[in-house]
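# Coordinate analysis (summary)
Read off the chains here:
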Amino acid sequence: MSGRKTFPSGGIELASRKSLSRGSAIRNALIPPIATVPLLQHLGTQALCLVKPGDRVEEGMAIGGASGPISARVHSPIPGVVTEIAEVTLASGQRSLAVRIELDGSFSRFQARGWPSLGPDLPAEEIVALLADGGVVGLGGALLPSHLKLSIPKGEPVDVLVVNAVECEPYLTGDYRLLVEKPRELAEGIRLAARVCRPKEIILALDQSSDHAIEALAAAAAQAGCPISAIGLRSKYPQGDEKQLLKALIGREIPPGETPLAVGAIVVNVATVYALFEAVVLRKPLFERVVTVSGGAVRSPANLKVRFGTPIGSLIEECGGLKTVPKRIVAGGPFIGHTVLDLSTPVTKGVSGVVALTAGEVHEGTRTPCIGCGRCIEVCPMGLNPIRLLKQVEHSLGAEALEAGLLDCKECGCCSYVCPARVPLVEGLRLGKRAARSAEAVR
Amino acid sequence: MSLAGSEPLAISPHLHREITTARIMWGVTACLLPAGLWGVWQFGPRALLVVLVALLAALAGELLVGLLRSRPTVRDGSAFLTGLLVGYLLPPGVPLYVPAAASLFGILVVKGSFGGLGNNWMNPAIAGTVFAFFSWSAARRGWIAPLAWSPPAGASWAEPLAFVKSAALTSGAHGPIELLASAGYPVSRFSQALGGWLHGALGLGIDAHYLDLLFGCVPGSIGEVSPLLLGAGSVYLFRTGIITWHVPASLGGTFLVLVAVFGGLPYGAGFFAGNPVFHLLSGSLALSALYMACDPATSPMTAKGKLIFGAGVGALGALLRLCGSAPDGLPLAIILMNIATPLINGLTGPGRFGGGSGRPRA
Amino acid sequence: MSYVGIILTLVFVNNVVLSQLLGLCPLVSASRRVESAAILGFAVTFVSSLAALATWAVERLVLLPLDIGYFRIVAFVLTTVGLVRLLDFLVLRTSSSLRASLQVYLPLLVPNCAVLGITLIAERSGYGALESFVAGAAAGAGFLVSILLLASIREKLESEWVPRPLRGLPIALISAGLIALAFLAFDKALVKNLIG
């Protein structure tokens, strides 16, 4: 086990607030009586709707088909009847068609009672096909369909496969609980992923506070014939981002606009590995995920296994409800997550957490002029000058902003977090990037 | 249940550090208060009047700017801080039009005309006092003997730096403390007693003049005289991260080294014969290094930039202290380096991740 | 005064722009970008050093012997203009691409009160040939310093919310004034104490 590596410049160390839900074992959330399942839960184009109102569906049945080269299938999380196809607003603000299913029928299809032993023979192509069939996408946030991520062009070398269990966002503990509770399943999932991309080595990246969780996993992986080395990284946000992760683990910097493959690496989130296991070994498509419900305003924070389409409000109710009026409810982690305005918003593949924050946790403020303190520059993990970029964007100096690296910004939120003047840096840079991209498109 | 309409859509990130601009400004003000209270105690009600006039003029100026721009900004504490610093930089006996003019010039011309807080590139308090300093000779005088000098010292004595500068070459002394002693510069009874005790109990031979300078028992500008209280106040600022070590360390370090090497020259004592301790404790060094040079808007934003800035202020400050005609060159050194801050900001920056430079692929 | 003294005085104490308020038009025209400021600054340095030398020659060889000192200003203007035209011609002959990029600065150099002022001051101070040359170069260097400093500040101000009535020329002049205020720190006594 190596020492406390981290990425050298930028980033923030802060209280992780994970103690609220760390000790809470994953339990199944209540099945929703009505599931609103969006057809766009992934990066790429919305899935084609395969059902119509009145159709009967079973748990795990495909209700959305891949609609293009970058798309993913969507499956029904519950058995029942399709009541309507309507447009809904997702937590991210995107609009998507959704299939509304009313619960009716039996569940027995995917009770796991030991898994069939696959042996080492399953060929890579079949694994990738099973991923596509199962609608598996990157659950760490990017939502890239996994069959695309693991389809490595022939001849492209993969030096290292990184299993990302860092979970750098505060409050979120879902990935950690997977590490603690499902080591054998994860080990098998890692073995299968390694069969596809054939890396020279496999690294499991963790936060330093999760060191103790990997013994069982390392043993299981060794037994399964694919040894992993685990590295506990310093608790620093955004350590879990693949750019900072690879810099800390192997010292390589992904050039702007490139993927990790450009530096010989593949990074997969540990929840995706679990979904891979379920899809390939249990032949169970992706229709549920672990969601951490936490925050100072929630009475009993917990880690729930939630079926997609469940309204966010019912998760909070299951966790004892709100004990105070929250300042903000966030879908995802508090740094990159989206504000939830409507508690009937459905949980989708990208919702890793539901965090109800109090005013004392948010520390909001109104915007005041920049005082030139330079804190934003100090913490930017991409080495940018956020306030200068924002000023260039606000003064319509687009060319200068692009020159200075506007498109390198990952909207991690470090700059806005530290700003004493509450300058809306991420918001402004996001708008600037959008304007720059549409200007490029016009050209 | 819908929460829509309760507040405008909030964008990520949804967490912030607790610190705000107002806290920073009022925090710095609070840390400055002990030194100012000391000055008012030592120099009497006239000093209080000067500070109050400076404060009122600054606040009035800020209100005016707020009215003109239809956006009131008095609340954020920066105008109050500017007014306070103007008062602190002036001798206690100046005619009252001096702090008023200095504050108004600072707030209206140096800060307001650029668009207010954060847009200005020159420190408004220092620019205001420099403006007054060069406009009226009365702004350069007005020293009052401190309360600690009792019995009263009779003829009016200038502050130590001014006194030393005017008498350096002719005195035959080898250093400023020698000069003060030989010219019969008064010492407070407190420092004499303390010096005696230190000698008797701990065997330390510290000249009483040093103690006077340390505690602030000498004539001087209202907020500058007590490096001890200024330093004590700055502890809170360091601990809360409002200021970092970069500017004070590089400023102090450069200044002290240069003074140590060249400080003996005005006394004809050759190289490496300077008295850095005297210069550390006198004039506005403490106020400059710990407060004014650390002003975020007018100093560079990166750590590297801050080090360069501090070194520049220290070097110019030493030059002006030893060779310039103004007794204390440090505030002038700060505004000279303020001019270079945009240049330093442009030249020092963190390296971009992935080695990006120029327009990346969209 | 020694050469070091001349240089220090002309760059810091009697800065042609900041103390003597000459050459403000080229200052504000070319200070919007650091690049153009640097080019003009070097051009002025180059021209004024040669101009100071040339006018010294004119003073010694024409004005004094013929005792037509009252023609001084006219003579110096003609000398300066002629010198710039000559340099322009020489640059054109050596590199037309260089000349094309410098062409835009020509109107700022030809009737340039800073350069003229420098030549008159050098004459009044009674400098010899080499001293005049050094004085011209130093004064030009002073111009270069001021325009570079002002340009870096103006580039920063481009992305600040300066009140609309003051944007552009007004805030540039205010900034130049503040730089001049700070430069009051440098005075004759400083130079005297520094170099003994």
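Residues numbered from 1 in each chain as written. Chains lettered and ligands numbered in written order. Predicted model: local features only at pLDDT ≥ 70, side-chain atom pairs only at ≥ 80, totals over all residues. Heavy atoms only, no water.

### Considerations on the nonpolar core
Quick note on the threshold: What is meant by a nonpolar core is a set of buried Ala, Val, Leu, Ile, Met, Phe, Trp, Tyr and Cys residues, joined one to another through side-chain atoms within 4.5 Å. When accessible area is computed with a 1.4 Å probe and restricted to protein chains, residues below 20% of their type maximum are described as buried, those above 50% as exposed, and intermediate ones as partly exposed.
B:Leu32 and B:Ile339 are the most contacted members of the largest nonpolar core, which has 143 residues in total. Ranked by size, the runner-up nonpolar core spans 77 residues in total, among them A:Leu143, A:Ala194, A:Val273 and A:Ala297.

### Here's the deal with the interface of chain B and chain A
Stated formally: The contact criterion used is simple: two residues touch if any of their non-hydrogen atoms lie within 4.5 Å. Throughout, buried area stands for the accessible area (probe radius 1.4 Å) lost by two parts on being put together, summed over both. The salt bridge definition used is simple: a Lys or Arg side-chain nitrogen within 4 Å of an Asp or Glu carboxyl oxygen. Under this definition, polar contacts are N or O atom pairs within 3.5 Å; protein pairs additionally need one hydrogen-donor-capable and one acceptor-capable atom, and for neighbouring residues in sequence, both atoms have to be side-chain atoms.
Opposite the 42 residues of chain B that make contact, chain A presents 68 residues. Around 4700 Å² of area is buried between chain B and chain A when both sides are counted, 57% of it from carbon and sulfur atoms. Three residues, B:His14, B:Leu15 and B:Phe353, lead the burial of chain B against chain A; their summed loss comes to 18% of the area buried on that side. For A:Asp408, the salt bridge is made with B:Arg352, and the minimal N-O distance between the two is 3.0 Å. At the junction of chain B and chain A, the tally comes to 17 residue pairs in polar contact (both at pLDDT 80 or more).

### Let's talk about the layout of surface pockets
If a probe the size of a water molecule is rolled over the atoms, the empty space left behind becomes visible. Convention followed: Both site types are read off a 1 Å grid over the protein atoms alone. A 1.4 Å probe that fits but cannot get out defines a cavity, while an open set with protein on both sides within 12 Å along at least five of seven lines defines a pocket; lining residues have an atom within 4 Å of a point. Grid points are joined across faces, edges and corners, and a volume is the space filled by probe spheres set on the points. Helix and strand definitions here come from DSSP, where helices need a minimum of 4 consecutive H or I residues and strands a minimum of 2 consecutive E residues; each element is numbered from the N-terminal end. Residues are grouped as follows: Ala, Val, Leu, Ile, Met, Phe, Trp, Tyr, Cys and Pro are nonpolar; Asp, Glu, Lys and Arg are charged; all remaining types, including Gly, are polar.
What the second largest pocket holds in volume is close to 1100 Å³. Looking at the lining of the second largest pocket, the elements with two or more residues in it are α11 (386-394) and α12 (398-403) of chain A, α15 (330-347) of chain B together with α3 (34-66) and α8 (129-157) of chain C. Partitioning the lining of the second largest pocket into residue classes produces 15 nonpolar, 19 polar and eleven charged.

### Details of the environment of B:Pro276
All names here are of chain B. The residue Pro276 is located in helix α12 (residues 276-281) in this model. Sequence spacing of Pro276 and Arg69 is 207 residues, and the spatial spacing of their C-alpha atoms is 47 Å. When near neighbours in sequence (up to four residues on either side) are disregarded, Pro276 contacts Leu256, Val259 and Ala260.

### A word on the sheet that holds strand β12 (residues 265-269) of chain A
For sheets, the rule is that strands pair by backbone hydrogen bonds, running either parallel or antiparallel. Residues and elements named next belong to chain A. As a reminder, the rule being used: When DSSP finds at least two bridges between two strands, those strands are taken to pair. Here an angle of 0 to 180 degrees is reported between the N-to-C directions of two axes, which are lines fitted to C-alpha atoms, with helices fitted over the stretch in contact.
Strand order across the open sheet formed by four strands is β11-β10-β9-β12, with parallel pairing between neighbours. The outermost strands of the open sheet, each flanked by one partner alone, are β11 (229-233) and β12. With direction set aside, neighbouring strand axes in the sheet form an average angle of 25°. Across five bridges, strand β10 (residues 201-207) lies against β11 in parallel orientation. Directly across from Leu206, in β11, lies its bridge partner Gly232.

### Remarks on the packing of aromatic side chains
To keep things clear, this is the line we draw: Note on aromatic contacts: the rings of Phe and Tyr and the six-membered ring of Trp form a pair at centre separations within 6.5 Å, being stacked when their planes are under 30 degrees apart, edge-to-face when over 60 apart, and tilted otherwise. The rule for a charge over a ring is simple: NZ of Lys or CZ of Arg within 6 Å of the ring centre, and within 35 degrees of the ring normal.
Counting across every chain of the model gives 20 aromatic pairs over all chains. With 5.6 Å between their ring centres and 50° between their planes, B:Trp157 and B:Phe163 make a pair best called tilted. By relative accessible area, which is 17% here, B:Phe163 ends up buried. A centroid spacing of 6.3 Å and a plane angle of 25° characterise the contact between C:Phe12 and C:Phe183, whose relative ring orientation is stacked. Within this pair, whereas C:Phe12 is found in helix α1 (residues 3-13), its partner C:Phe183 is found in helix α9 (residues 169-183), the two being separated by 171 residues in sequence. When the ring centre of A:Tyr176 is taken as reference, the NZ or CZ atom of A:Arg22 above it lies at 3.9 Å. Over the face of the ring belonging to A:Phe7 we find A:Lys236, whose NZ or CZ atom lies 4.5 Å from the ring centre.

### Some thoughts on the packing of helix α3 (residues 174-181) of chain A against helix α7 (residues 270-280) of chain A
Residues and elements named next belong to chain A. Just so we agree on the cut-off: Reported orientations rely on four angle classes, namely roughly parallel under 35 degrees, roughly antiparallel over 145, roughly perpendicular from 65 to 115, and oblique for the rest.
Contact pair α3 / α7: the axes reach a minimum separation of 9 Å and the direction vectors enclose 50°. Comparing their axes, α7 and α3 come out oblique. Every residue of α7 that contacts α3 at Asp175, Leu178 and Leu179 is listed here: Val270, Ala271 and Tyr274. Residues belonging to the contact of α3 with α7 are distributed by class as follows: five nonpolar, no polar and one charged.

### A few points about the pattern of salt bridges
Counting across every chain of the model gives 34 salt bridges over all chains. Members of the salt-bridge network, linked through shared partners, are A:Glu59, A:Glu278, A:Lys284, A:Glu288, A:Lys305 and A:Arg307.

### Points about the sheet that holds strand β1 (residues 27-28) of chain A
Residues and elements named next belong to chain A. Spatially, β1-β14-β13-β17-β15-β16 is the arrangement adopted by the six strands of the open sheet, whose pairing is mixed. Two strands in the sheet have a free side with no partner beyond their single neighbour: β1 and β16 (338-339). Inspection of the sheet shows strand β15 (residues 328-331) paired to strand β17 (residues 353-357) by four bridges, in the antiparallel sense. Across the sheet, Val330 pairs through a bridge with Val355, a residue of β17.

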